[in-house]
Amino acid sequence: MIDAFILTALSLIAIVLGLLFIMALLSPLEALTWWAGWSDHAPSPGKLSKEAREEIEKQEEKKRENSPPPRYYLVYLTAIGGVSAEEISHREQIFLEKLSEALPEAIIISDVYPFSVTNNPLTGERMFGWLWRKIHEKRKTITGGILASFIFARNLFNVAVSADPRYGPINNAGVAREITKSLYRHDYPLEGDIPVITMGWSGGGQIAVGVAPFLHLGLDAPIYVVSIGGVLTDDPSIAFVEHLWHLQGSKDKFPRIGDILFPGRWPLIKKSTWNRFKRAGKMTVIVPGPMIHTGKGDYFDPKTKLSDGQPHVEKTVAIIRDAVRSIQPPVSTSLQVEVNQPLQR
Amino acid sequence: MDHAWNLQGIGSRPVLHKYARSLQSTKHPEAPSFLANTIFQLETIPMSISPELQHALLILFLSILSLLIGNSVVLFANRVSRSQFIRSLLAFGFLFLLSILFWTLSVQILSSLLFGVHKPFEDVFIIVSRSFTPFILGFLILLPHFGHYLYALLRVWVVINLIINIAHAYGFGPGQALIVSLLGWILLELITSLSFLRLDTVKRWFLKITTGKADYRDPNDLVMEYVRAQRALMLQASYKQEDGND
């Protein structure tokens, strides 16, 4: 009886490990096949998409309206538990509302799913979309909760893809393209210049750093990053970040995974981009309080309070507000001058 | 017409046997004689591929295929089509096979010249091919983050394998085996970097005619170029729009 139980348990573990292994092995394919043009919404080098042309026309109309642009654009990227940009947790929604109130001079964007190069939700039109939908629907049950680990695993592998020097540029360029589209949808000016702050929670932190070079080049904007318990890697994309604020609760152990797994973050590798970035004073680590990574008592918890009575979410919002307001506006470049620049390169 | 065909010994190959007989019974045997002769010549040739060589070829085939799949990111990055992808795998596989043949030749020549031990090319080829067994796991290079560490590990494993296999087969000490294995590799690197041999041009020509692409560029450069070009296009379009409005 016990033998049969052990055998069944071992078989189940082997199946789960096998599935995870296959998921890991196939994880770069979404980005690679998209870039190679084997899937829908492939990039088309050398020509502008219809969306981009429409955006330019819209921008011209906006210019005539003469409305003042916002001072900052914040892009929120959810954690590895997310299945889409729309279906974020209630706590995240509260956080975003409060942040919006705290920063009326900023536009906050949260419609980009960071674990897809085409902003395609896990539950959207994709080969195993039906499976992810089923798992997501049953998430609140015990069985569904266990199965939801596959969502975490799938997105965790996507974070690894983003950090991998072979796949990272392709994956991150895809996500950056979606962020760029969203920024333009939210009237980000074509001239650029307005600071863009990518905010990532957990695995979203790596994506927030990974997209920096492509946003910087694609928008001609200074890029800042706010990492909320972010699992950051040694991605050299950090060189394109003006400043990084890393919030790490004293009870949150997850961000430390990056310290161990990524050699570029080891203090021993002094010439790594990460260590040079740190030495340049471009990184601020903030301990907001005894926050955990996720769940009750995390960064967005509106109920759990600090010793001074401030709810966790309020503290997180206050830190981000102060960080964002410390950003100096860049010197504006003329559109006319910039038009010829890329052609001369 | 001499039809002194020896039909003995081909009973185990019924299809060819039957076909050969049908050719024999034809009213005009001179017409298909060339084909029939060829078949019978092939049939009467003793199997020259030893089981060891077959085994080595299988290892090599699986290793090359697995390794190429593991390293296929460069093909995706260069935006190859599905058919180009297959052709590129075959072309790169062929080039890889050439380098293995060269390595085999170098091991054979070096062991003979430096230590006076001569072995037939086939035996050395089997030794070298078997050393590539770890590359059967080459597809694991696809794994994000851990993939490139695994690749480094597999390469070290292959070199160690080769040294051990040569030491064992030739009865060499570790130092001698190291010299024979690595000198060949260094020689290969040297030859491929000699610009006057124009091997790079030959390789580019070969890739161009087989895959349609002569240059396989770094993914990061390609992506950066794409983003810059998109930005330039958008600004140009905007500038034109402004001009039009004025």
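Residues numbered from 1 in each chain as written. Chains lettered and ligands numbered in written order. Predicted model: local features only at pLDDT ≥ 70, side-chain atom pairs only at ≥ 80, totals over all residues.

Draft legend 1. Fine view of the overall build of chain A. From N to C terminus, chain A includes 14 helices and 6 strands. Computed over the C-alpha atoms, the radius of gyration of chain A is 21 Å, within 12% of the 20 Å expected from 2.2 N^0.38 for a compact globule of 345 residues. Judged by the C-alpha coordinates and their principal axes, chain A covers about 80 × 55 × 40 Å. Taken across its 345 residues, chain A has 44% of its residues classed as buried. A sequence separation of at least 24 residues applies to 72% of the contacts in chain A between residues at least 6 apart. (Helix = DSSP H or I, 4+ residues; strand = E, 2+ residues; numbered from the N terminus. Rg over C-alpha atoms; globule rule 2.2 N^0.38 Å. Buried ≥ 20, exposed ≤ 12 C-beta atoms within 10 Å, placed from the backbone. Contact = placed C-beta atoms within 7 Å.)

Draft legend 2. The arrangement of helix α8 (residues 168-185) of chain A in detail. Residue and element names in this part refer to chain A. Taking 1.5 Å of rise per residue, the 18 residues of α8 would be expected to cover 26 Å, and the 25 Å separating its terminal C-alpha atoms lies within 8% of that figure. Most of α8 sits inside the fold, with 15 of its 18 residues counted as buried. Of the residues one or two after α8, Asp187 is the one with positive phi, at around 65°. (Expected span 1.5 Å × (residues − 1).)

Draft legend 3. Here's a closer look at the pairing of strand β5 (residues 241-247) of chain A. Residue and element names in this part refer to chain A. The element β5 is largely enclosed, with a buried count of 5 among its 7 residues. In this sheet, β5 lies alongside strand β4 (residues 223-228) in parallel orientation, the contact comprising 6 bridges. Residue pairing across strands places Ile223 opposite Val241, the latter belonging to β5. In this structure, β5 lies alongside strand β6 (residues 283-286), joined through 4 bridges in parallel fashion. Its bridge partner being in β6, His246 is matched across the sheet by Val285. (Pairing = 2+ DSSP bridges.)

Draft legend 4. Region of the structure containing unusual backbone geometry. Positive phi, normally seen in glycine, also occurs at Asp187 of chain A, with a value near 65°. Along the chain, the position of Asp187 of chain A falls in the loop between α8 and β3 (196-201). Phi at His145 of chain B is positive, roughly 65°, even though this residue is not glycine. In this fold, His145 of chain B is placed in the loop between α6 (121-131) and α7 (146-170). Among the residues examined, His145 of chain B registers 22 C-beta atoms within 10 Å and is labelled buried.

Draft legend 5. Quick look at the sheet that holds β5 of chain A. All names here are of chain A. The sheet built from 6 strands is open, its strands ordered β2-β1-β3-β4-β5-β6 with parallel pairing. Looking at the sheet topology across the chains shown, the edges are occupied by β2 (106-109) and β6. Strand-to-strand twist in this sheet, taken as the mean axis angle between neighbours without regard to direction, amounts to 15°. (Axes fitted to C-alpha atoms, helices over the stretch in contact; angles between N-to-C directions.)

Draft legend 6. Local environment of the interface of chain B and chain A. Contact residues are listed per partner, giving 31 residues for chain B and 41 residues for chain A. Looking at the side of chain B that touches chain A, the elements that each hand over two or more residues are α4 (73-77) and α10 (219-245) of chain B. It is α10 of chain B that contributes the most residues to the side of chain B that touches chain A, 20 residues altogether. When the residues that make up the side of chain B that touches chain A are grouped by side-chain class, the tally is 19 nonpolar, 8 polar and 4 charged. (Nonpolar A, V, L, I, M, F, W, Y, C, P; charged D, E, K, R; others polar.)

Draft legend 7. Broad picture of the confidence of the model for chain A. Confidence in the prediction of chain A, expressed as mean pLDDT, is 89, and 93% of residues score 70 or more. Of the regions scoring below 50 in pLDDT, residues 334-345 of chain A engages in 15 contacts with residues more than four places distant in sequence or in other chains. (pLDDT = per-residue confidence, 0-100.)

Draft legend 8. How the structure looks around the nonpolar core. Among the nonpolar cores identified, the biggest contains 86 residues, and Tyr73, Val75, Val196, Met199, Val211 and Leu215 of chain A are the most heavily contacted of them. Setting aside residues up to four positions removed in sequence, Val196 of chain A forms contacts with Tyr73, Val75, Leu183, Leu215, Leu219, Ala221 and Ile223 of chain A. (Core = buried A, V, L, I, M, F, W, Y, C linked by C-beta atoms within 7 Å.)

Draft legend 9. Spatial organisation of the environment of Glu92 of chain A. All names here are of chain A. Along the chain, Glu92 turns up in helix α4 (residues 90-102). What makes Glu92 partly exposed here is the crowd of 19 C-beta atoms within 10 Å. Along the primary structure Glu92 and Lys305 are separated by 213 residues, whereas in three dimensions their C-alpha atoms are 16 Å apart.

Draft legend 10. Spatial organisation of the packing of helix α1 (residues 2-26) of chain A against helix α7 (residues 149-163) of chain A. Residue and element names in this part refer to chain A. Running from N to C, α1 and α7 point in directions that differ by 35°, and their axes come no closer than 9 Å. When the axes of α1 and α7 are compared, the crossing they make is right-handed. Along the contact surface, α1 presents Leu20, Met23 and Ala24, while α7 presents Ala153, Arg154 and Phe157. Broken down by class, the residue content of the contact of α1 with α7 amounts to 5 nonpolar, no polar and 1 charged. (Left-handed = near helix turned anticlockwise from the far one by under 90°.)

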